[in-house]
Amino acid sequence: MAQETKIGLCRFCAHHMCQFKAVVEDGKLVKLMNFPESPHTPPWTTEGCPRNRAVPELIGHPGRTCYPLKRKGARGEGKWEQIEWEQALDEIAEKLREIKEKYGPEAVALLTGAIHEPWDLARFFNLFASPHVVNVNAPICSGLEAFMNITCCGGIALYGPPTSIPKCFVMWAGEHWTTGGVKWKIEGKAEKLIVVNSTGSPQARKATIWLQPRPGTDTALGLGWLNVIINEGLYDKEFVEKWTFGFDKLKERVNEFPLDRVEAITWVPKQKIIAAARIYATSKPAAIDWGTATGHMGRNAAEAERVRIALRAITGNIDVDGGNHFMRPHSKLVSIKEMCLDEMLPASQYRKRLGGDKFRVLSWQGWEMLADKKSQRAFVSRGSIYPAVMHSIRTGEPYRVRALLTNGCNPMVTVANTKNVYDGLKHHIDFSVCMEIFMTPTAMLADYVLPVTFWPERPTINYLGEANSVIVGQRLLPKSMPGQYDRRDDYDVWRGLGIRLGQEKYWPWKDLDEAQDYRLKNFGMKLDEFAWKKGWDTEPVQFKSYEKGGFHTTTGKIELWSTIFDAQGYDPLPHYEEPAESPVSRPDLANEYPYILINNPKSRFFIHSQLRQSRYLRRRHNEPFVKMHPDTAEKQGIKEGDMVWIENRRGKIKQRAKLSDDVHPQVVAVDFGWWFPEKRGEEPSLFGVWEANMNVLTSDAMDYACEVSGSWNLQALLCKIYKAGD
Ligand SMILES: Nc1nc2c(c(=O)[nH]1)N[C@H]1C(S)=C(S)[C@@H](COP(=O)(O)OP(=O)(O)OC[C@H]3O[C@@H](n4cnc5c(=O)[nH]c(N)nc54)[C@H](O)[C@@H]3O)O[C@H]1N2
Ligand SMILES: Nc1nc2c(c(=O)[nH]1)N[C@H]1C(S)=C(S)[C@@H](COP(=O)(O)OP(=O)(O)OC[C@H]3O[C@@H](n4cnc5c(=O)[nH]c(N)nc54)[C@H](O)[C@@H]3O)O[C@H]1N2
Ligand SMILES: [Mo]
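These figures come from a predicted structure and were not determined experimentally.

A.B. asks: If you had to explain the site of ligand 2 to someone new, which residues and values would you point to?
C.D. replies: In the vicinity of ligand 2 lie 32 residues, with Glu175, Thr179, Asp218, Thr292 and Phe606 positioned nearest. In this structure, asparagine 197 approaches ligand 2 through a side-chain N or O atom, which is 2.9 Å from an oxygen atom. Aspartate 218 is positioned with one of its side-chain polar atoms (N or O) 2.7 Å from a nitrogen atom of ligand 2. Isolated, ligand 2 exposes 930 Å² of accessible area, and the fraction of that covered by the protein chains is 99%. For the shell around ligand 2, the elements supplying multiple residues, two or more each, are α6 (176-179) and β24 (595-599). Of the residues forming the shell around ligand 2, the biggest block, three residues, is contributed by α6. Of the residues contributing to the shell around ligand 2, the split by class is 13 nonpolar, 15 polar and four charged.

A.B. asks: An account of unusual backbone geometry is needed here, citing residue identities and associated values.
C.D. replies: With omega at -5°, the peptide bond leading from lysine 284 into proline 285 counts as cis. Along the chain, proline 285 turns up in the loop between α13 (270-282) and β13 (286-289). Here the residue pair glutamate 683 and proline 684 is connected by a cis peptide bond, since its omega of 5° sits within 30 degrees of zero. Position of proline 684 relative to the elements: it lies in the loop between β28 (667-670) and β29 (717-724). Even without glycine at this site, asparagine 417 takes up a positive phi of about 60°. For asparagine 417, the position within the fold is in the loop between α20 (411-414) and α21 (418-428). Even without a glycine there, the phi angle at histidine 608 is positive, about 40°. Within the secondary structure, histidine 608 sits in the loop between β24 and α28 (615-618).

A.B. asks: Go over the pairing of β13 with me, naming the residues and quoting the values.
C.D. replies: Residues Ala286 and Ile288 point to one face of β13 and Ala287 and Asp289 to the other, with burial holding for every one of them. Sheet topology places strand β9 (residues 168-172) next to β13; four bridges connect them, and they run parallel. When the sheet's bridge partners are listed, valine 170 is paired in β13 with isoleucine 288.

A.B. asks: Describe helix α14 (residues 301-314), naming the residues involved and giving the relevant values.
C.D. replies: In a regular helix each residue adds 1.5 Å, so 14 residues correspond to 20 Å; α14 covers 21 Å between its end C-alpha atoms and thus fits that length. Burial within α14 is extensive, with 14 of its 14 residues counted as buried. Glycine 316 occupies a position one or two residues after α14 and carries a positive phi of about 70°.

A.B. asks: Tell me about the site of ligand 1, residues and numbers included.
C.D. replies: Not every one of the 31 residues close to ligand 1 is listed here, only the nearest: Thr414, Glu436, Arg458, Asn599 and Ser609. For ligand 1, a nitrogen atom lies 2.9 Å from a polar atom in the backbone of methionine 435. Separating an oxygen atom of ligand 1 from a side-chain N or O atom of arginine 458 is a distance of 2.7 Å. Compared with its free state, where it exposes 920 Å², ligand 1 has 98% of that area covered by protein. Here the shell around ligand 1 is built from residues that sort into 12 nonpolar, 15 polar and four charged.

A.B. asks: Describe the sheet that holds strand β19 (residues 469-473), and please don't skip the residues or the numbers.
C.D. replies: One open sheet accounts for three strands, arranged β18-β19-β22; its pairing is antiparallel. At either margin of the open sheet sits one strand with a lone partner, and together these are β18 (460-461) and β22 (536-538). Bridge count for β18 against β19 is two bridges, and the pairing is antiparallel. Within β19, the residue paired with isoleucine 461 across the bridge is valine 472.

A.B. asks: Describe the sheet that holds strand β2 (residues 19-25), listing the residues and the values that go with them.
C.D. replies: Strand order in the open sheet made by the three strands is β1-β2-β3, with antiparallel pairing throughout. In the strand order of this sheet, the two ends are held by β1 (3-9) and β3 (28-33), each with one partner. Sheet twist, expressed as the mean angle between neighbouring strand axes with direction ignored, is 30°. Bridge analysis of β1 against β2 gives seven bridges, and the strand direction is antiparallel. Across the sheet, residue glutamate 4 finds its bridge partner in β2, namely valine 24.

A.B. asks: How would you sum up the side chain of threonine 266? Please name residues and give values.
C.D. replies: Within the secondary structure, threonine 266 sits in helix α12 (residues 259-266). Owing to a relative accessible area of 0%, threonine 266 belongs among the buried residues under this scheme. Separated by 2.8 Å, the side chain of threonine 266 and the backbone oxygen of valine 262 make a polar contact. In terms of polar contacts, threonine 266 uses its side chain to reach the backbone amide nitrogen of valine 268, at 3.2 Å. Look past the residues within four positions of threonine 266 in its chain and what remains in contact with it is Gln212, Pro213, Arg214, Thr217, Ala220, Leu221 and Ile273.

How each quantity is defined
- Residues numbered from 1 in each chain as written.
- Chains lettered and ligands numbered in written order.
- Predicted model: local features only at pLDDT ≥ 70, side-chain atom pairs only at ≥ 80, totals over all residues.
- Heavy atoms only, no water.
- Near = heavy atom within 4 Å.
- Polar contact = N/O pair within 3.5 Å; in protein donor to acceptor, adjacent residues only side chain to side chain.
- Areas by Shrake-Rupley, 256 points an atom, 1.4 Å probe, with all protein chains shown as cover.
- Helix = DSSP H or I, 4+ residues; strand = E, 2+ residues; numbered from the N terminus.
- Nonpolar A, V, L, I, M, F, W, Y, C, P; charged D, E, K, R; others polar.
- Buried < 20%, exposed > 50% of the residue type's maximum accessible area, 1.4 Å probe, protein only.
- Pairing = 2+ DSSP bridges.
- Expected span 1.5 Å × (residues − 1).
- Axes fitted to C-alpha atoms, helices over the stretch in contact; angles between N-to-C directions.
- Contact = heavy atoms within 4.5 Å.

Written as structure tokens, this is what we have:
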């Protein structure tokens, strides 16, 4: 038996990818090891990352999808017929062709998520001429931050290697010590750490300052920081003068937010706000990284990004070493844009995007106004907005999406309002296909389930996260084992369908290995060779590149007053709006539902709705917990360890109580992403998806969403809690 060592690239954390080494033997993953020579290993060791440790168990898990399945009984009944790949692809392609001919390509949509290298699916959809590549993380996760940065700064000025350690680091609405992998290796070394987070943690308590805002009020808090920095003259006058647009108007706006008002809105004592703003503005370089919770609060989501951008800009911390610098793809890597074939999607089609008329900035309207459209990935900016797509599926307005493909996404658990997702998938969609590595509640409702490879079983190249770098991982295991399973890469499925639908000449690479080799062609090496000869390649970062020709915006400056917002009929300055369902905006509801609902930080042991199959991880985090303040628990007659109902107008779920002063007495923090692969998959259970899944409580109402980006509400909502029987 030959043992072999390979280089892998972990795909779990989505934005931050860690390299590791793996020992494989006879198609089995024997062991994962640290790869200390690589700069792309996390601050904790690979062996110390529990998610990575679970990989060998998950690879061979009996719950994996093994062969294509076709539904036999009613949707959700769990009756399947095992079929051959050729039959599956023929039938699916035929059905898609039929729907396209009858209703147009826009009757077919794709839901995708955080997991996948997304160019192949975008390529297929661009060629198919459907505008509905719906990424569930575009308006609520990194896509929102990226697009607001592109809109206001002409590029993505975030934070991440390669860069120097900032003097002051601001972790705003995220917890990178758990979620940030490689990034935290630098961020965590900053001399001063400011944490802006509605819940406490050991890191927040150890920070130079921890601000604990009322959930959903970060924009007001940011306007408060801006007020201090501008009125105390702590901004970078030269940079502001030369390189920002609309400073005087911004100053007028922030003066509407005196610190007493900000304290009243956010619940953060004004002295703390002043102290944090001063530290941030006077420690150079300083970086504010992206945290995802601000993207989850609906109405203010884009505005929260804009205040963070304004803070970075007026303090002169954009495009400097150790500050927020532009994340650029490695110039030698064949670009994602080329791979996606964006130009193949005609304007007449991308303008049919759902939600585009309502949410016009993170949309084709906003996209068409960008000064530098060339560098932007169209599927982020031109794909449809999820709530509008589900609305179309359920109501036929403004036209009906009839077929849905899900790829690397588990909407029954991860998108807002599970009841509506269920209604759409079970009762309204004409045809659905789920490409999955495990049976999930979403897969149970599909007409076809296609078994695909898991990332360790594919050759991988990083994207986004670590800018300026190419980082690769090899295919560690084969995709097919006769008699045991027959899986395909997602790429094979898109190519297989594409060829059947007349796209043959656009799929020149017979498999993903060839396609990935093509992406590395400028290095003169194939992926396997690159893995061993280089492993990664990093280009030096160019700082202050705006000095040669300005920022890629309409005005050539960073737009504190946005020309695109203005042209699209929105407030060009950042403003504060209450969340749609808060004690302030809905005192009527707050009588019955007095607590503000948020989620706990993402678990160290899981990725979103994934990994619940692992016994190793479940031994460490076996069930979901609802965190509440001890005073709140006492008031409700709840004790540590009790089962608790969390309920609002949309539904109710049960989680186990954990008492902690990490949360404010008026806030309740629940675990997100829960379903139980060990329970029955058939209806009505659907793997216990109704029991503890936070998104039963969240909202996909379009009038709750952020008006410019369509970001839906995953938290900052109202709920009540009460004790349940066990
Ligand atoms: N209430 C609430 N909701 C949230 C969040 C929250 O904090 N609170 N977080 C939000 C965020 S930030 C995000 S990014 C989204 C994530 O939303 P999703 O992307 O839907 O989340 P995952 O659970 O990671 O779903 C990935 C699915 O793809 C499958 N999968 C894994 N690898 C592959 C593969 O290689 N190919 C294919 N075809 N499938 C694969 C997995 O088994 C899993 O079912 O959730 C959002 N939803
Ligand atoms: N282990 C692990 N790592 C991951 C992931 C995972 O699922 N598991 N997912 C990956 C993905 S796709 C993403 S997007 C990132 C997300 O990673 P992060 O951005 O670090 O997000 P969270 O861990 O959800 O942390 C959000 C924090 O904000 C707090 N919070 C809630 N509401 C508010 C509010 O209104 N204002 C403020 N200021 N704080 C609030 C929450 O209590 C929580 O502590 O992690 C990536 N890495
Ligand atoms: Mo995310």
